[in-house]
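# Structure assessment
Residues per chain are reported as follows:
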Amino acid sequence: MAEAEAESVVKLLGAWLSPYCYRVIWALKLKAIPYEYIEEDLSAKSPLLLQSNPVHKKVPVLIHDGKPISESTVILRYIEEIWPQNPLLPTDPYEKAVALFWIKFADDKSPSISKLYRSDGEEQQQAAKECWEMLEAMEEEGLMEGKKFFGGDEINMVDIAFCSVAHWLGVIQDFAGLKILEPHRFPKLSSWILNFKSVPMIKENLPDTDKMIALLKRRREMLLAAKSN
Amino acid sequence: MEEANKVRLHGTWRSPYAKRVELALKLKGIAFEYVEEDLNNKSPSLIQFNPVYKKVPVLVHNGNPIAESLCIIEYIDETWKIGPRLLPQDPYRRAKVRFWASFIHQQLYETMLTVMKTAGEAQEKAINQLLEKLQVLEEGMQEFYPDEVPSITAQNMGILEILICCLLGPYKLQEQVLGIQIINPETTPRIFSWLTAINQVPLVKDSAPAEEKTLALLKFVRDIALKSSSA
């Protein structure tokens with residue numbers, strides 16, 4: 001047995017509903033990196049998760065050769081640096097800086113999407129406004145006319161970072177009975193979403209919509225009940 | 001119009017985010033033009049260069065604008081491979097530093113802002129959160145400084161030093177205005193030595209605004225917070 005040939009062990013701790021976990025799954029699959037996926041029960045977190053991410057106790061966590069890395073964007077950058085095949089960031093420093101700007105924008109604004117199902121009344125309206133503003137910025141400033149993806153002809157880390165907008169927003173807004181992502185108002189964004197979800201690797205790795213709705217319903221009921229107590 | 005290799009920073013002395021970029025440029029010895037923005041009367045350039053947020057800092061290099069201080073700092077580190085490396089070379093260590101940069105940026109900065117801008121119960125809650133998070137950072141420092149905190153110089157300051165300096169460098173003045181202790185040398189000895197060492201670096205001292213100016217700004221922010229909370 002040639003020890004020098006031993007495969008590096010990559011483990012991903014995740015939760016099937018989390019868009020942040022899918023960011024990492026897509027990056028690993030796009031780069032054809034073999035990994036072991038461990039589904040975490042977030043109501044009963046494993047000792048491995050608590051030990052690997054003691055600060056936030058959240059998924060996703062990537063464990064590479066026993067070394068844990070937390071925070072999906074930090075993980076994506078690490079994956080890009082260790083496994084440069086099928087690059088997910090531009091090599092030109094300026095274009096990379098612009099990509100990192102949009103990835104940070106996605107990180108900062110995406111939480112408003114989950115607030116849509118976690119709140120009601122004024123709070124929910126505020127979250128809807130924040131989502132609208134995020135979509136506006138993407139439509140006006142982020143998506144270039146004629147470009148299929150943020151990454152050009154192929155998806156890159158920016159497209160992946162906007163996962164919540166591509167899949168979760170549609171499901172959550174329908175569930176909440178809201179109309180935020182309207183195709184006539186956001187034509188470029190709507191095309192982008194269709195294109196993004198048509199990429200085979202993405203299409204084959206998306207959480208089931210019915211399962212999502214069932215879980216969102218349960219979570220919303222629990223959260224609103226807790227609030228009224 | 002000679003834009004080649006020209007570096008311009010749009011900032012304001014009041015913004016710790018702009019200060020981060022200013023320090024990064026100075027640490028690397030990069031010559032730059034500084035434009036002080038009046039945030040109540042933003043220049044057309046600023047709005048054009050940062051249409052999404054319309055905020056400082058914005059770095060303009062070779063006529064190309066970059067926004068978001070953390071993105072700017074990474075760009076600076078990659079483009080000018082001189083002076084101290086602001087992030088480590090090793091990918092795993094880089095990941096650790098990025099994790100803690102994100103922690104300081106998201107958790108500490110936001111909580112500190114809440115402490116500055118609220119009063120009464122809301123402020124008490126924020127103060128407790130801040131102190132808890134500082135404890136988390138104190139323990140976390142063992143990841144990037146497993147032994148003692150090293151002696152900090154302009155040659156070895158990195159992104160984490162920049163971030164903590166721009167937030168809590170003036171901690172003594174902040175404590176004075178808020179009337180609370182933020183950095184306790186007994187409960188957070190590492191953070192205390194770290195800040196003390198950073199504040200002694202000549203470049204950091206020279207870049208800080210005069211104490212009276214900072215004090216006046218902190219008092220101004222506090223006064224607004226107290227007025228709006230009693231209204």
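Our subject in this report is the structure included herewith. (Residues numbered from 1 in each chain as written. Chains lettered and ligands numbered in written order. Predicted model: local features only at pLDDT ≥ 70, side-chain atom pairs only at ≥ 80, totals over all residues. Heavy atoms only, no water.)

### Some thoughts on the interface of chain B and chain A
With 29 residues of chain B at the interface, the matching set in chain A holds 26 residues. Buried area between chain B and chain A, both sides added, is near 2400 Å², and the carbon and sulfur share of it is 66%. Its largest share of buried area at the contact with chain A, chain B owes to B:Val52, B:Tyr92 and B:Phe99, together 25% of the area lost on that side. On the surface where chain B and chain A come into contact, there are 5 salt bridges. The closest approach of N and O atoms between B:Glu78 and A:Lys96, which form a salt bridge, is 2.9 Å. At the boundary of chain B and chain A, one finds 9 residue pairs in polar contact (both at pLDDT 80 or more). For the side of chain B that touches chain A, the elements supplying multiple residues, two or more each, are strand 4 (64-67), helix 3 (69-79) and helix 4 (91-117) of chain B. (Contact = heavy atoms within 4.5 Å. Buried area = accessible area lost by both parts, 1.4 Å probe. Salt bridge = Lys/Arg side-chain N within 4 Å of Asp/Glu carboxyl O. Polar contact = N/O pair within 3.5 Å; in protein donor to acceptor, adjacent residues only side chain to side chain. Helix = DSSP H or I, 4+ residues; strand = E, 2+ residues; numbered from the N terminus.)

### Re the sheet that holds strand 1 (residues 10-14) of chain A
Residue and element names in this part refer to chain A. One open sheet accounts for 4 strands, arranged 2-1-3-4; its pairing is mixed. This sheet does not close on itself; its edge strands, each paired only once, are strand 2 (36-39) and strand 4 (67-70). Along the sheet, successive strands turn relative to each other by an average axial angle of 20°, direction set aside. Bridge count between strand 3 (residues 61-64) and strand 4: 4 bridges; the pairing is antiparallel. The residue bridging Val61 from the neighbouring strand is Ser70, located in strand 4. Along the sheet face, helix 1 (residues 19-30) touches strand 1, strand 2 and strand 3 and points at about 155° away from the line of strand 1. (Pairing = 2+ DSSP bridges. Axes fitted to C-alpha atoms, helices over the stretch in contact; angles between N-to-C directions.)

### Structural notes on the sheet that holds strand 4 of chain B
All names here are of chain B. Taken together, 4 strands build an open sheet; the order of strands is 2-1-3-4 and the sheet is mixed. Each edge of the sheet is formed by a strand with only one pairing partner; in this case those strands are strand 2 (33-36) and strand 4. Pairwise comparison of adjacent strand axes, ignoring direction, gives a mean angle of 20° for this sheet. With 4 bridges connecting them, strand 1 (residues 7-11) and strand 3 (residues 58-61) associate as antiparallel partners. Opposite His10, over in strand 3, you have Val58 as the bridge partner. Packed on one face of the sheet, helix 1 (residues 16-27) meets strand 1 and strand 3 and runs near 155° to strand 1. Sheet contacts for helix 3: strand 3 and strand 4; angle to strand 3, the most-contacted strand, approximately 30°.

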